[in-house]
Every structure is written in C-alpha cells, then in structure tokens.
Amino acid sequence: IDELKAKIDRIGAVNLAAVEEEQELRERADFLNSQRDDLIAAKQTLMQAIQKINKTTRSLFLETFEKTKGMFKEYFRLLFNGGDAQLHLTEEKDVLESGVEIIVRPPGKRLQSITLLSGGEKTMTAIALLFAIYKIKPTPFCVLDEMDAPLDESNIDRFTRVLQEFLKDSQFIIITHNKKTIGMADVMYGVTMEQAGISKLVSVKFSEYKDSKEPELPPLTVDEVPVDEETVEEETLSVDTPVSGDIPDADPAEAEVGADSQSEPSMEVQSETHQETIA
C-alpha cells in the first residue's frame, strides 16, 4: 500500500483538461503538416517554372545573340568604314550566367579587346552595338543622353547618317550640345536664362519651318532678261535706216549731237541683241 501511494504521489495532480489539450495539439499538428505539404508542392511548381523559363530564355538569348553578332559586325563596318567586330560568350556552357566579350578591329589595327581602344573608338563601338540590338527589336521611342559627346566631326556625320535609318520607325529624344546633331532634329527644346536665376524653356520646330519655307527665285540679271529678237531688229532698223524726205536745216553742232544721240542707242541695242543671241 505504501508503494502504491508513493507512485500516486509521484504522478501529481490529475489534469482533467488533458483530453482537450491533446485535441488542440493534434489539430495544430495537422495544420502545420498541411502547410508543409503546400510549401513542398509550391517549391516543385516553382522549380518547374524556373526550368521552363531558363530553357525558353536560353533559346531566345542564343537566337538573339546570333542575330546581334551579325548586325554588330555590319554597323561596326558602317561606322568605322571597315574593320571587324566579334562578340564572344565567356562561359558557353552556362549562357545565362555568362558574360559577353567584345573583340574589335578598327581599320588598320589588329583584333583587340574594347578596353584597349581610345575614348572615341569605345563610343563608336558602343553605338554600333546599341544600334545592332535596336535594329533587332525596335521600340516606339529612344532616349540618347550625350552619346555624341566624345565624337569628332567626321564621326558625328557617320553617327547622324546611321541614325537616319531608324527615324522611320522610332522617335528619338537626344540630349546633346553638338550643332550637327541638333541640325538633324525636327523639334529642338532648350533651356535659357534671360534673367539671373530664372530658367526659361524655348522650343523650335524645324519641320514646320522647312515645310512652310518656299524657295526664293534669284533676281534676273540683264543677261537673263528675255528679249524678243524680232522687236530688237525692228528697233535697230528703224534707227539705222535713213528717212526719206526733207530734213530741216540744223546747226552743225546740234546735228552732230543729234547724230551721236541717235547712234548710241543703236549700238546698245545691237550689243544687247548679240548677248541675248549668244545666251
């Protein structure tokens, strides 16, 4: 009896709510297990989606990369008037984690990395790559910020000439200070400061000016005035042909002056007639 009482004392007080607590813990365990199953299913779904995206992205990237290589070489030769340009993947096994290495050869130089080029050559190479990508997938509009700043006059002409090809399909917003680049624009927006500390926006529409401006004809010169040869010949004959009939007496001095005054117009008319005939 003493031994049984000791066991009962070691058990302690009886928890009358143990059944309810056990039920709550069972429900909690079931909820957590369902959440774990949902997470495992979501993980599997995400992994399948990632694999599908990687596969699609890899195929699209390789397709676009091959197109870009050809277009990049074409625009590089166009901007540099020759040379060669190549694009290489640094890790061909994992193209999604790979970098792109640019190897170019300007005219008269050997193949070298873009890091060894001058500032202007780097800019022209970047422009060629940008236009190559833009040619494959054009957008409605594009913003170029001081892209032509490192270029000289000859390279500016090549840059604007290539840019003209894209104006049919896209609109370009160019931030520039170069006069030649501004000259090809249809609309120019500038910020001026007429008063200290007060900025003012000024816009000029070159397209409307070009459309409204009519060509002015140059003024006609003496040689370009149309002359009727028959009328000039009749006037010449009427002056040079002597008139029959009585001529009143006149003072010799006056006669000489009159003769001179009559002969001079005849010489001028003949000279003009000769010039017009030659013309």
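Placed above this text is the structure.
Below is a short write-up of the structure. (Residues numbered from 1 in each chain as written. Predicted model: local features only at pLDDT ≥ 70, side-chain atom pairs only at ≥ 80, totals over all residues. Heavy atoms only, no water.)

1. Details of the nonpolar core
Considering soluble globular proteins, one finds that nonpolar side chains tend to be buried as a cluster.
Argument step 1. Among the nonpolar cores identified, the biggest contains 31 residues, and Phe72, Tyr75, Phe131 and Phe159 are the most heavily contacted of them.
Argument step 2. For this core, the secondary-structure elements that each account for two or more residues are α2 (18–80), β1 (84–89), β2 (100–105), α3 (119–136), β4 (141–145) and α4 (153–163).
Argument step 3. Of the residues forming this core, the biggest block, seven residues, is contributed by α2. (Core = buried A, V, L, I, M, F, W, Y, C linked by side-chain atoms within 4.5 Å. Buried < 20%, exposed > 50% of the residue type's maximum accessible area, 1.4 Å probe, protein only. Helix = DSSP H or I, 4+ residues; strand = E, 2+ residues; numbered from the N terminus.)

2. Focus: the pattern of salt bridges
Argument step 1. On inspection of all chains with the given rule, the structure shows eight salt bridges.
Argument step 2. Lys109 is the partner of Glu121 in a salt bridge, and the nearest nitrogen-oxygen pair spans 2.7 Å. Placement of the pair is Glu121 in helix α3 and Lys109 in the loop between β2 and β3 (112–113), with a sequence separation of twelve residues.
Argument step 3. Owing to a relative accessible area of 14%, Glu121 belongs among the buried residues under this scheme.
Argument step 4. The residue Lys180 makes a salt bridge to Glu153 at a minimum N-O spacing of 3.3 Å. Separated by 27 residues along the polypeptide, Lys180 in helix α5 (residues 179–183) and Glu153 in helix α4 bring together distant segments of the chain.
Argument step 5. Residue class for Lys180 comes out partly exposed when judged on its relative accessible area of 36%.
Argument step 6. When its relative accessible area of 45% is taken as the criterion, Glu153 is described as partly exposed.
Argument step 7. When salt bridges with common partners are traced through the structure, they connect Glu153, Asp157 and Lys180 into a single cluster. (Salt bridge = Lys/Arg side-chain N within 4 Å of Asp/Glu carboxyl O.)

3. Some details on the side chain of Glu121
Argument step 1. Polar side-chain contacts of Glu121 include one of 2.7 Å to the side chain of Lys109.
Argument step 2. Of the polar contacts made by the side chain of Glu121, one reaches the backbone nitrogen of Ser118; its length is 3.2 Å. (Polar contact = N/O pair within 3.5 Å; in protein donor to acceptor, adjacent residues only side chain to side chain.)

4. Side note on the packing of α3 against α4
Argument step 1. Contact pair α3 / α4: the axes reach a minimum separation of 12 Å and the direction vectors enclose 5°. With respect to α4, the element α3 is oriented roughly parallel. Of the residues in α4, those in contact with Met124, Ile127 and Phe131 of α3 are Asn155, Phe159, Val162 and Leu163. (Axes fitted to C-alpha atoms, helices over the stretch in contact; angles between N-to-C directions. Parallel < 35°, antiparallel > 145°, perpendicular 65-115°, else oblique. Contact = heavy atoms within 4.5 Å.)

5. Digging into α4
Argument step 1. All buried positions along α4 are accounted for by Asn155, Ile156, Phe159, Thr160, Val162 and Leu163. The buried residues of α4 occupy an angular sector of 160° when projected down its axis, which confines them to one face.
Argument step 2. Packed against the buried residues of α4 are α2, α3, β4, β5 (171–175) and α5. (Arc of directions from axis to C-beta.)

6. Digging into the packing of aromatic side chains
Argument step 1. Inspection of every chain in the model, using the stated rule, returns nine aromatic pairs.
Argument step 2. A ring pair is formed by Tyr134 and Phe172, whose centres lie 5.6 Å apart and whose planes are at 50°; its orientation type is tilted. Taken together, the positions of Tyr134 in helix α3 and Phe172 in strand β5 put the pair 38 residues apart, joining distant regions of the chain.
Argument step 3. You can call Phe172 buried: its relative accessible area is 17%.
Argument step 4. In textbook terms, an aromatic cluster arises when at least three aromatic residues are bridged by ring pairs, as seen for Tyr75, Phe131, Tyr134, Phe159, Phe166 and Phe172.
Argument step 5. For the cation-ring pair, Lys135 lies above Phe166, with the distance from its terminal atom to the ring centre recorded as 5.8 Å. (Phe/Tyr/Trp six-rings, centres within 6.5 Å; stacked < 30°, edge-to-face > 60°. Lys NZ or Arg CZ within 6 Å of the ring centre and 35° of its normal.)

7. Focus: a nonpolar patch on the surface
Argument step 1. Residues Phe141, Val143, Ile173 and Ile175 make up a contiguous nonpolar surface patch of about 380 Å² in total accessible area.
Argument step 2. Mapping Phe141 onto the fold places it in strand β4.
Argument step 3. A residue is classified by how much of its surface remains accessible, and Phe141, at 52% relative accessible area, is exposed. (Patch = residues over 30% accessible without salt bridge, like charges linked within 9 Å, V, L, I, M, F, W, Y side chains within 5 Å. Areas by Shrake-Rupley, 256 points an atom, 1.4 Å probe, with all protein chains shown as cover.)

8. What about the packing of α2 against α3?
Argument step 1. At their nearest, the axes of α2 and α3 sit 8 Å apart, and the two run at 135° to each other. When the interaxial angle is binned, α2 and α3 end up oblique. Our pair here, α2 against α3, has a crossing hand that is right-handed. Across from Thr64, Lys67, Thr68, Met71, Phe72, Tyr75, Phe76, Leu79 and Phe80 in α2, the residues of α3 making contact are Glu121, Met124, Thr125, Ile127, Ala128, Leu129, Phe131, Ala132, Ile133, Lys135 and Ile136.
Argument step 2. For the contact of α2 with α3, the per-class residue count stands at 14 nonpolar, three polar and three charged. (Left-handed = near helix turned anticlockwise from the far one by under 90°. Nonpolar A, V, L, I, M, F, W, Y, C, P; charged D, E, K, R; others polar.)

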